[in-house]
Amino acid sequence: MTKKSLNTPIILALLVGVVIIIAVLLTTQTPTASLPVTVTPGEEPQLTMSERSVDLGTMKVSEERSKDIIITNVGKGPLVLSRIRTSCDCTYADLTIGGRTISFNMEMHNPVALRQWTGALAPGESATLKAIYRPFIMPVQGPVERIISFNTNDPKYPSVEIPLRAVVD
């Protein structure tokens, strides 16, 4: 046998092995904890937010600005938050819930675990969503609007969009 013919089966076997490992990893993602997504009548969650939009004012392209938004469940059942994402790579949503902070970005830039993440606020509990804008990542000038979005199980607000506005000079 030639040196080339010995290497070809080994390389093919390694490639097949790598493909199998990737397939197993992608199909055996640990699901997030089972949280109540359906709402029991009389035990509805109710979302309130300290801000429905964010105005970051005039800023330099080299700056970073942020604003904290308090998310509170004033309802009678658990409020489930999911699918947190931003409209641009220059915008981040840092959610502090249960003493832990998780940073979200554009859905396509979030790892699978973040895309599948869910969290819940018991009645009376709050979380802090820090809306962060970094224009130096995608330099622009003039008025801009970016969006932070997320889903909930609140029947009145199944999908939430928070616009962030700034003027970049």
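Look a little higher up for the structure.
Only a predicted model underlies this, so the values are computations on that prediction, with no experimental measurement involved.

Caption draft 1: Molecular detail of the environment of Ile 69. Position of Ile 69 among the secondary structure elements: in strand β3 (residues 65-73). Ignoring sequence-local partners within four residues, the contact set of Ile 69 consists of Met 49, Ser 50, Glu 51, Val 54, Ala 127, Thr 128, Leu 129 and Ile 162.

Caption draft 2: Expanded view of the pairing of strand β4 (residues 79-86). Counting buried residues in β4 gives seven out of eight residues, a clear majority hidden from the surface. Relative to strand β7 (residues 118-121), β4 runs antiparallel, the two sharing four bridges. Its bridge partner lying in β7, Leu 81 is registered against Gly 119. For β4 and strand β9 (residues 142-152), the ladder comprises four bridges, and the chain directions are antiparallel. Looking at the pairing, Arg 85 lines up with Ser 149 of β9.

Caption draft 3: Fine view of the pattern of salt bridges. A complete count under the given rule lists six salt bridges for this structure. For Arg 65, the salt bridge identified is with Glu 63, shortest N-O distance 3.3 Å. A relative accessible area of 24% means that Arg 65 is categorised as partly exposed. Two residues, Arg 83 and Glu 107, come together in a salt bridge whose shortest N-O distance is 2.8 Å.

Caption draft 4: Looking closely at the pairing of strand β8 (residues 126-133). Looking at chain direction, β3 and β8 are connected through eight bridges and run antiparallel. In the sheet register, Thr 72 faces β8, and the bridge partner there is Ser 126. Across six bridges, the pairing between strand β5 (residues 91-97) and β8 is antiparallel. Considered in β8, the bridge of Tyr 92 is made with Ile 132.

Caption draft 5: Spotlight on the nonpolar core. Among the nonpolar cores identified, the biggest contains 32 residues, and Ile 71, Leu 95, Leu 129, Tyr 133, Phe 150 and Ile 162 are the most heavily contacted of them. Per element, the largest residue contribution to this core is five residues, and it comes from strand β10 (residues 159-168).

Caption draft 6: Highlighting a nonpolar patch on the surface. Residues Phe 136, Ile 137 and Met 138 make up a contiguous nonpolar surface patch of about 250 Å² in total accessible area. Mapping Met 138 onto the fold places it in the loop between β8 and β9. Its relative accessible area of 40% is what places Met 138 among the partly exposed residues.

Thresholds, definitions, all that
- Throughout this description, residue numbers start from 1 for each chain and increase along the sequence as written.
- For this predicted model, a pLDDT threshold of at least 70 governs which residues receive local features, and a threshold of 80 or more governs which side-chain atom pairs are given and counted, while totals over whole chains, interfaces and linings are taken from all residues.
- Side-chain calculation: all heavy atoms of the structure are included, whereas hydrogens and water are not.
- By definition, any uninterrupted DSSP run of H or I lasting at least four residues is a helix, any uninterrupted run of E lasting at least two residues is a strand, and each is numbered from the N terminus.
- Any two residues having at least one pair of non-hydrogen atoms within 4.5 Å are treated as being in contact.
- To sort residues, take the accessible area from a 1.4 Å probe on protein chains only and compare it with the maximum for the residue type: under 20% means buried, over 50% means exposed, and anything in between is partly exposed.
- Two strands make a pair as long as DSSP finds a minimum of two bridges between them.
- Definition used for salt bridges: Asp or Glu carboxyl oxygen within 4 Å of a side-chain nitrogen of Lys or Arg.
- By nonpolar core we mean a set of buried residues, namely Ala, Val, Leu, Ile, Met, Phe, Trp, Tyr and Cys, connected to one another through side-chain atoms within 4.5 Å.
- Here a patch means residues that are over 30% exposed by relative accessible area and free of salt bridges, tied together within 9 Å if like-charged and within 5 Å if nonpolar (Val, Leu, Ile, Met, Phe, Trp, Tyr).
- In short, Shrake-Rupley with a 1.4 Å probe defines the accessible areas, and a residue's cover is counted only from the protein chains shown.

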